[in-house]
Amino acid sequence: MTGTVSADPVQAKQEGIYFISQNTTLKKCLNPDLKDGPKYIYKNKNRLLRVPQPIDSLDNSSVKSGHNNENEYGWADFQEEITSRVADFLRPYFDQVVLLLGAGASIVPKKKKDDSGSGDPTPNESYGLPMSGILTAIGTELSEHSSEFYSMSRMKQLAFSDKSPFSDQDDLESVLSQLEKAEEFISTKYSGKYTRTLKRIREIIVDKTKYDFDDQCMNHLALINFFNRKVSDGNKLSIATTNYDTLIEEAATKGSYTIFDGFTFSDTPIFDAKMFDWNFVKDVPNIKTQEVIYDKKVMNLLKIHGSLTWKKDDKVRTVRRVSKSANLDSPLLIFPSTNKYEQSYRAPYSDLFYKFRELLNRPRTLLVTVGFSFGDAHIFEMVNDALRHNDGLSMLFTNYSIDSDESSNLGKLKQLIDEGYRVAFLRAALNDDLPTYLKMDENA
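Reading guide: rules and limits
Residues numbered from 1 in each chain as written. Predicted model: local features only at pLDDT ≥ 70, side-chain atom pairs only at ≥ 80, totals over all residues. Heavy atoms only, no water. Helix = DSSP H or I, 4+ residues; strand = E, 2+ residues; numbered from the N terminus. Buried < 20%, exposed > 50% of the residue type's maximum accessible area, 1.4 Å probe, protein only. Contact = heavy atoms within 4.5 Å. Areas by Shrake-Rupley, 256 points an atom, 1.4 Å probe, with all protein chains shown as cover. Expected span 1.5 Å × (residues − 1). Salt bridge = Lys/Arg side-chain N within 4 Å of Asp/Glu carboxyl O. Axes fitted to C-alpha atoms, helices over the stretch in contact; angles between N-to-C directions. Parallel < 35°, antiparallel > 145°, perpendicular 65-115°, else oblique. Left-handed = near helix turned anticlockwise from the far one by under 90°. Nonpolar A, V, L, I, M, F, W, Y, C, P; charged D, E, K, R; others polar. Phe/Tyr/Trp six-rings, centres within 6.5 Å; stacked < 30°, edge-to-face > 60°. Pairing = 2+ DSSP bridges. pLDDT = per-residue confidence, 0-100. Patch = residues over 30% accessible without salt bridge, like charges linked within 9 Å, V, L, I, M, F, W, Y side chains within 5 Å.

Undergrad: Explain the overall build of the protein residue by residue, including any values.
TA: Secondary structure assignment for the protein yields 13 helices and 20 strands. By residue count, 50% of the 444 residues in the protein fall in the buried class. Restricting the contact set of the protein to residue pairs at least 6 apart, pairs at least 24 apart contribute 69%. Carbon and sulfur atoms make up 47% of the accessible area of the protein, which totals about 22000 Å².

Undergrad: Outline helix α2 (residues 75–90), listing residues and values.
TA: Between its first and last C-alpha atoms α2 spans 22 Å; for 16 residues at 1.5 Å apiece the expected length is 22 Å, and the two agree. Turning to α2, its buried residues are Trp-75, Asp-77, Phe-78, Gln-79, Glu-81, Ile-82, Thr-83, Val-86, Phe-89 and Leu-90.

Undergrad: I'd love a proper account of the pattern of salt bridges, names of residues and values included.
TA: The final tally for this structure, using the stated rule, is 21 salt bridges. Here Lys-324 ties to Glu-250 by a salt bridge, and the two come within 3.4 Å at their closest N and O atoms. Of the two residues, Lys-324 sits in the loop between β16 (318–321) and β17 (332–333) while Glu-250 sits in helix α8 (residues 247–254), which places them 74 residues apart along the sequence. Each of Glu-141, Lys-199, Arg-200 and Glu-203 takes part in one network of salt bridges that share partners.

Undergrad: Give a description of unusual backbone geometry that names residues and reports values.
TA: With an omega of 0 degrees, the peptide bond between Ala-347 and Pro-348 qualifies as cis. With respect to the secondary-structure elements, Pro-348 resides in the loop between α9 (339–343) and α10 (349–360). With phi around 50 degrees, Arg-364 is a residue other than glycine that occupies positive phi space. Mapped onto the elements, Arg-364 comes out in the loop between α10 and β18 (365–370).

Undergrad: Describe the packing of α10 against helix α11 (residues 377–389), listing the residues and the values that go with them.
TA: Contact pair α10 / α11: the axes reach a minimum separation of 9 Å and the direction vectors enclose 25 degrees. Classed by the angle they form, the pair α10 and α11 counts as roughly parallel. The handedness of the crossing between α10 and α11 is right-handed. Counting all contacts with α10, which are made through Phe-353, Phe-356, Arg-357 and Leu-360, the residues of α11 involved are His-378, Ile-379, Met-382, Val-383, Asp-385 and Ala-386. A class-by-class count of the residues in the contact of α10 with α11 yields 7 nonpolar, 1 polar and 2 charged.

Undergrad: Report on the packing of aromatic side chains, specifying residues and quantitative values.
TA: One pass over the structure, following the stated rule, counts 15 aromatic pairs. Seen in terms of ring centroids, Phe-226 and Phe-227 are 4.9 Å apart; in terms of plane orientation they differ by 90 degrees. Their pairing is edge-to-face. A relative accessible area of 7% places Phe-226 in the buried class. Seen in terms of ring centroids, Phe-397 and Phe-425 are 4.8 Å apart; in terms of plane orientation they differ by 35 degrees. Their pairing is tilted. Residue Phe-397 is found in strand β19 (residues 393–399), and its partner Phe-425 is found in strand β20 (residues 423–427); the two are separated by 28 residues along the sequence. The same class applies to Phe-397 and to Phe-425, which are both buried.

Undergrad: Lay out the pairing of strand β15 (residues 310–313) with the relevant residues and their values.
TA: For β15 and β16, the ladder comprises 4 bridges, and the chain directions are antiparallel. The residue bridging Lys-312 from the neighbouring strand is Val-319, located in β16. Between β15 and β16, which pair antiparallel one after the other, the connecting turn spans 4 residues, and Arg-317 there sits at a positive phi close to 55 degrees.

Undergrad: Give me the environment of Ala-429: which residues, what numbers.
TA: For Ala-429, the location among the structural elements is in the loop between β20 and α13 (434–438). Taking C-alpha positions, Ala-429 is 8.4 Å from Ile-107, a pair spaced 322 residues apart along the chain. Residue contacts for Ala-429: discarding those within four places in its chain leaves Tyr-400, Leu-434 and Pro-435.

Undergrad: Go over the confidence of the model for the protein, please, and point to the residues and values.
TA: On average, residues of the protein score 86 in pLDDT, and 84% of them reach the 70 mark or higher. Predicted confidence is poor over residues 5–10, with pLDDT under 50, and the contacts of this stretch with residues over four places away or in other chains come to 22 contacts. Confidence over residues 51–68 falls short of pLDDT 50; this stretch has 37 contacts with residues more than four positions distant or in other chains.

Undergrad: Before we move on, can you summarise the packing of helix α5 (residues 172–182) against helix α6 (residues 188–207) with the specific residues and values?
TA: Running from N to C, α5 and α6 point in directions that differ by 150 degrees, and their axes come no closer than 11 Å. Looking at the two axes, α5 sits roughly antiparallel to α6. Pair α5 / α6 crosses with left-handed handedness. Residues Leu-172, Leu-176, Leu-179, Glu-180 and Ala-182 of α5 lie in contact with α6, whose contacting residues are Tyr-194, Leu-198, Ile-201, Arg-202 and Ile-205. When its residues are assigned to classes, the contact of α5 with α6 shows 8 nonpolar, no polar and 2 charged.

Undergrad: Describe the side chain of Thr-242, and please don't skip the residues or the numbers.
TA: When you line up the elements, Thr-242 lands in the loop between β9 (237–241) and α8. Sequence-distant contacts of Thr-242, defined by excluding residues within four places in its chain, comprise Leu-101, Gly-102, Ile-304, His-305, Phe-372, Asp-376 and Ile-379.

Undergrad: Give me a nonpolar patch on the surface: which residues, what numbers.
TA: On the surface, a nonpolar cluster with roughly 220 Å² of combined accessible area is contributed by Val-281, Val-292 and Tyr-294. Owing to a relative accessible area of 45%, Val-281 belongs among the partly exposed residues under this scheme.

Undergrad: Lay out the environment of Asp-115 with the relevant residues and their values.
TA: The residue Asp-115 is located in the loop between β7 (109–111) and β8 (120–123) in this model. For Asp-115, a relative accessible area of 74% gives the class exposed. Taking the C-alpha atoms as reference points, Asp-115 and Trp-75, separated by 40 residues in sequence, lie 7.3 Å from one another.

Dropping the structure here:
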């Protein structure tokens, strides 16, 4: 049983918000007076205790000295509270589920959270990296091969004069955008090495996204299985991702799923957006009826920024899907720069974005974002518009952090909660604690 007190006698320091919905905010705080003291858990503005207890029965001195442990609401209690709130949010009936995966879905932490809630979220470099991590890797690689390529600092010097200071130096998209814009204005004395370095930067980005699926530390298949069970007959689980990697394909193959990714089922698959309109069915056996049985292990995959397995075929003016290992030199990708907005209006990306928008506007739809920060303005606008105009759309945002500047896109999405839209935020990572809050293992 859980009790609350309306105020805490200790001025606790907020450690993090873990869940936000229309009527509930769950956060964890620290007692600044105790190095190893209890964590204070809050629901809205009320501190949670394990048992109901009147405010007058709390002794300030006992709380400060840490002697109130028998009533202390611990990490395990907090996880149960979060799990309950997430289950409540997911309880309504949905016809279809759309998962939107970003870079965070490919990150494997060096140490997952333990029973006390502590861990090391630093990415294991053998798997996915955030954009800042890829930018650091680019800088290191260029410095180690200075005879062949310019260093990142030299690229900036060549690209921008003193009157045009380089901004957002920790943002890969801003860096690459500004380097690309400057390419045509570089003096012929430096242009050859500059272009060669720019090409190498793109190659490093590809290299840092070519890792394989590892079911020992990655939960992609569990995620697919969990949400596939929430899809009604006749609909397919749909996954949209901005990632280039092939983790979803590999996880789905391991789970014996058939993937509709916009490519034909042939020896040399070519892109054809009409493939998304198909499904797998069979007649009901031994019964004279028009009823059919839908194959449940079928899913849509929309790789809206391209894939390591995509190759442009200029001879027939189409896109083919090939093996990853045979395509690392020239995959068809939208690289992280401002040019990606323009490229998203070209085939095949335009077809994929059209399908994504169409899925978001269907009734009784659940959108779950995983490791996606909504830094892409065009995707944010698409989701924001769908939430405001489709009364049948709900969204659960999950990421390792749900704190944000209120002027950011995340801040704007949080405002939808206050305006009564069915949106919730959960602080969790796919390859860490998200399976705990969804109880994926219990529903395997």
